[in-house]
Amino acid sequence: LWPSPPRVQLRSTACHSRLASFSMRPATVVVLSSSAFGATPEMSCVRSALRVVRVAQAGTAHPFGDERTVRQAFPKSISAEEADPFLMCDNFAFPPEPGGVSEDQFPVDWHPHRGMDILSYQKSGVGRHGDSLGNRETYETPGIQWMSCGSGVEHAEGGGDGGDAWTKGFQIWVNVPGSKKMDDPRYGTHGPGEIPTTASSADGVRRRLLAGTLDDAAGPFETATPVQIVDWELDAGASASHDVPES
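Procedures and definitions
Residues numbered from 1 in each chain as written. Predicted model: local features only at pLDDT ≥ 70, side-chain atom pairs only at ≥ 80, totals over all residues. Heavy atoms only, no water. Helix = DSSP H or I, 4+ residues; strand = E, 2+ residues; numbered from the N terminus. Buried < 20%, exposed > 50% of the residue type's maximum accessible area, 1.4 Å probe, protein only. Contact = heavy atoms within 4.5 Å. Areas by Shrake-Rupley, 256 points an atom, 1.4 Å probe, with all protein chains shown as cover. Core = buried A, V, L, I, M, F, W, Y, C linked by side-chain atoms within 4.5 Å. Pairing = 2+ DSSP bridges. Axes fitted to C-alpha atoms, helices over the stretch in contact; angles between N-to-C directions. Phe/Tyr/Trp six-rings, centres within 6.5 Å; stacked < 30°, edge-to-face > 60°. Lys NZ or Arg CZ within 6 Å of the ring centre and 35° of its normal.

Here we look at the overall build of the protein
Line of reasoning, step 1. When you go through the protein residue by residue, the secondary structure sums to 1 helix and 23 strands.
Line of reasoning, step 2. Within the protein, the fraction of its 247 residues that count as buried is 48%.
Line of reasoning, step 3. Considering only intrachain contacts with a sequence separation of at least 6, the fraction spanning at least 24 residues in the protein is 65%.
Line of reasoning, step 4. With an accessible surface of roughly 11,500 Å², the protein has 50% of that area assigned to carbon and sulfur atoms.

Some details on the environment of A156
Line of reasoning, step 1. One can find A156 in strand β15 (residues 153-159).
Line of reasoning, step 2. Judged by its relative accessible area of 0%, A156 falls in the buried class.
Line of reasoning, step 3. C-alpha separation for the pair A156 and S132, spaced 24 residues apart in sequence, amounts to 9.2 Å.
Line of reasoning, step 4. Among all residues touching A156, those that are not within four sequence positions of it are F106, V108, D109, W110, R128, H129 and G130.

What about unusual backbone geometry?
Line of reasoning, step 1. A cis amide bond links F74 to the next residue, P75, at an omega of 15°.
Line of reasoning, step 2. The omega angle of the peptide bond from D84 to P85 is 10°, so this bond is cis rather than trans.

A few points about the nonpolar core
Line of reasoning, step 1. Counting 19 residues, the largest nonpolar core has L119, I144, F221 and I229 as its most contacted members.
Line of reasoning, step 2. Contributions of two or more residues to this core are made by β8 (70-74), β9 (86-94), β11 (116-124), β14 (143-148), β16 (167-175) and β19 (205-211).
Line of reasoning, step 3. No other element matches the 3 residues that β16 contributes to this core.
Line of reasoning, step 4. Contacts of L119, omitting those with residues within four sequence positions, involve I144, Q145, W146, F170, Q171, I172, L210, F221 and I229.
Line of reasoning, step 5. L209, V230, W232 and L234 belong to the second-largest nonpolar core, a separate cluster that totals 8 residues.

Looking at the sheet that holds β8
Line of reasoning, step 1. With antiparallel pairing, the 7 strands of this open sheet are ordered in space as β7-β8-β9-β16-β11-β14-β17. This sheet does not close on itself; its edge strands, each paired only once, are β7 (59-61) and β17 (186-190). Neighbour-to-neighbour, the strand axes of this sheet turn through a mean angle of 20°, independent of strand direction.
Line of reasoning, step 2. Bridge count for β14 against β17 is 5 bridges, and the pairing is antiparallel. Among the inter-strand pairings, W146 is bridged to a residue of β17, identified as G188.

Some details on the packing of aromatic side chains
Line of reasoning, step 1. In this structure the tally under the stated criterion is 3 aromatic pairs.
Line of reasoning, step 2. Each ring, one from F92 and one from F94, has its centre 5.8 Å from the other, and the planes form 15°; the classification is stacked. Here F92 and F94 have matching classes, each one buried.
Line of reasoning, step 3. Look at W146 and F221: their rings are 6.1 Å apart centre to centre, the planes differ by 50°, and that puts the pair in the tilted class. Taken as a pair, W146 in strand β14 and F221 in the loop between β21 (217-218) and β22 (229-235) lie far apart in primary sequence, 75 residues in all. As far as burial versus exposure is concerned, W146 and F221 are alike and both buried.
Line of reasoning, step 4. Directly above the ring of F94 sits R68, whose terminal nitrogen or CZ lies 5.9 Å from the centroid.

None of this, on its own, says anything about what the molecule does.
Right, dumping it as structure tokens:
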């Protein structure tokens, strides 16, 4: 929540830079608060009293109980109070799955969720999803699968199609108001053609709107708590400005 709509200036100094929400590069967290102006070598905030508090390296988490790891922006690197209403952001990269597996077999096995909204944003490979609502989906990338878990859903996830494509992307959890935590679950899957994607006026800049509104478009991830999630891709030397919503 911002006191007035700030503008964030994004600059890429790396060969290729990606941002999901305010996670700059998959392994870095930028925490913003309303105060005096400030800047980092890759992000500056102008037009209102907004400053970068710190740039924190994402931690390593083991969410599956085995040797597989993810890079976790939060809660590993910043507190729940700073991240609110976001509960978690994992950056994952898994090797290809073998072909010929059952539609009920997934590398991320069946497990429950309740009272939160979950976005699985897959950047490469082929996405797969199954849940206790009866959904069985395969989707092209970059694409998303999301759930508003409400009173409870059991699901499983995977990727790949028996080829050599790695499964890479982000999973983001968003908190839900207490009054909506027992709502009926909702679900959606959206391929590349259903995600608003534009090239900004600056050369070498692309953005995908995953949630919330931007210009005249709306992202397909339907959250109970209003948020804006944008994936920016900047080529080396490119820059762009982004107006942060008031709420």
